[in-house]
Amino acid sequence: MVDVIGAINDKWRALNAENGVLGSPLDIERPTFDGIGRAQDFQGGIISWHPNTGAFATWGDIRQKWLSLGREQYGYPLTDETGCPDGLGRFNHFRALGQSPDKSIYWTPRIGPHAVYGAIRVFWAEHGWELGEAGYPITDERNENGGPRRIQQFQRGAIVWDPVTRRIFFSASHPIDELHGVGEM
């Protein structure tokens, strides 16, 4: 058995150790990209620790999305994977140290995982997260038509941010990205 120590051990045990979602450790804890944090891989996920955030776990599709975005460089987890109030979706919140605001990855079984960050995340949070008018994200944020405006599609429309005018708004009539489906779950 591989040793699990310190705050990572405390978190692992709080998640029911080898009998929980993470299972057994695959390797010893290792330094993260910044040389300050630590992370340890388990059969079912990863626990990351930083002295400014604590130890939190990622697993499943959210973990896969987080890995594709750069792991701790995207942000250290601020939460374990957590169920949404509607009982359908799940999320983790993250913090890229020295940057703000925080970031998130939201997941539902039908839509999969999508990152939400920056001004769009702030606006979405202020308007009720997934329980608000927009619903869950169905795409990642991207440039709109190659211009400076940023757009992210949600179940019931899009949140658009214009960095030039600093205007942000929800548009229920904004076209849905055909590659990701439309409307309600």
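Our structure's up above, just so we're on the same page.
Let us look at the structure shown here. (Residues numbered from 1 in each chain as written. Predicted model: local features only at pLDDT ≥ 70, side-chain atom pairs only at ≥ 80, totals over all residues. Heavy atoms only, no water.)

Examining the overall build of the protein chain
When helices and strands are counted, the protein chain shows three helices and 13 strands. A principal-axis box enclosing the C-alpha atoms of the protein chain has dimensions of 55 × 35 × 25 Å. Scored against the burial criterion, the 185 residues of the protein chain give a buried share of 49%. Of the roughly 9000 Å² of accessible surface on the protein chain, a fraction of 50% belongs to carbon and sulfur atoms. For the protein chain, the separation between the mean place of its 18 positive charges and that of its 23 negative charges on side chains is 3 Å. (Helix = DSSP H or I, 4+ residues; strand = E, 2+ residues; numbered from the N terminus. Buried < 20%, exposed > 50% of the residue type's maximum accessible area, 1.4 Å probe, protein only. Areas by Shrake-Rupley, 256 points an atom, 1.4 Å probe, with all protein chains shown as cover. Lys, Arg positive; Asp, Glu negative; His and termini not counted. Charge placed at Lys NZ, Arg CZ, Asp CG, Glu CD.)

Quick word on the nonpolar core
Formed by 13 residues in total, the largest nonpolar core has its most connected members in Tyr106, Ile120, Trp124, Ala134, Phe154 and Ile159. Contributions of two or more residues to this core are made by helix H3 (118-126) and strand S12 (157-162). Element by element, the count of residues in this core is highest for H3, at three residues. Grouped together as the second largest cluster of nonpolar side chains are eleven residues, Val4, Trp12, Leu22 and Ala57 included. (Core = buried A, V, L, I, M, F, W, Y, C linked by side-chain atoms within 4.5 Å.)

Side note on the sheet that holds strand S10 (residues 142-143)
Taken in spatial order, the four strands line up as S10-S11-S12-S13 in an open sheet, and their pairing is antiparallel. With partners counted over all chains shown, the strands left at the sheet margins are S10 and strand S13 (167-171), one partner each. Direction of pairing for S12 relative to S13: antiparallel, over a ladder of five bridges. Bridge pairing in S13 places valine 160 opposite phenylalanine 169. (Pairing = 2+ DSSP bridges.)

Considerations on the pattern of salt bridges
Applying the stated criterion across every chain yields a total of nine salt bridges. A salt bridge links glutamate 29 to arginine 38; the shortest N-O distance between them is 2.9 Å. Residue class for glutamate 29 comes out buried when judged on its relative accessible area of 16%. Two residues, aspartate 102 and arginine 95, come together in a salt bridge whose shortest N-O distance is 2.8 Å. Among the residues examined, aspartate 102 registers a relative accessible area of 18% and is labelled buried. (Salt bridge = Lys/Arg side-chain N within 4 Å of Asp/Glu carboxyl O.)

Topic: the sheet that holds strand S3 (residues 45-50)
The four strands are arranged S1-S2-S3-S4 in an open sheet whose pairing can be described as antiparallel. Across the chains shown, the open sheet's two edge strands, defined by having one partner strand only, are strand S1 (30-31) and strand S4 (54-59). Bridge analysis of S1 against strand S2 (residues 38-42) gives two bridges, and the strand direction is antiparallel. Looking at the pairing, proline 31 lines up with arginine 38 of S2.

Here we look at helix H1 (residues 6-14)
Listing the buried residues of H1 in full gives Ile8, Asn9, Lys11 and Trp12. Here the buried residues of H1 occupy an arc of 165° about the axis, which is enough to place them on one side. What points out from H1, more than 90 degrees from its buried face, is the exposed set Asp10, Arg13 and Ala14. Elements in contact with the buried residues of H1: S2, S3 and S4. Directly beyond the C-terminal end of H1, a positive phi value near 75° is found at asparagine 16. (Arc of directions from axis to C-beta. Contact = heavy atoms within 4.5 Å.)

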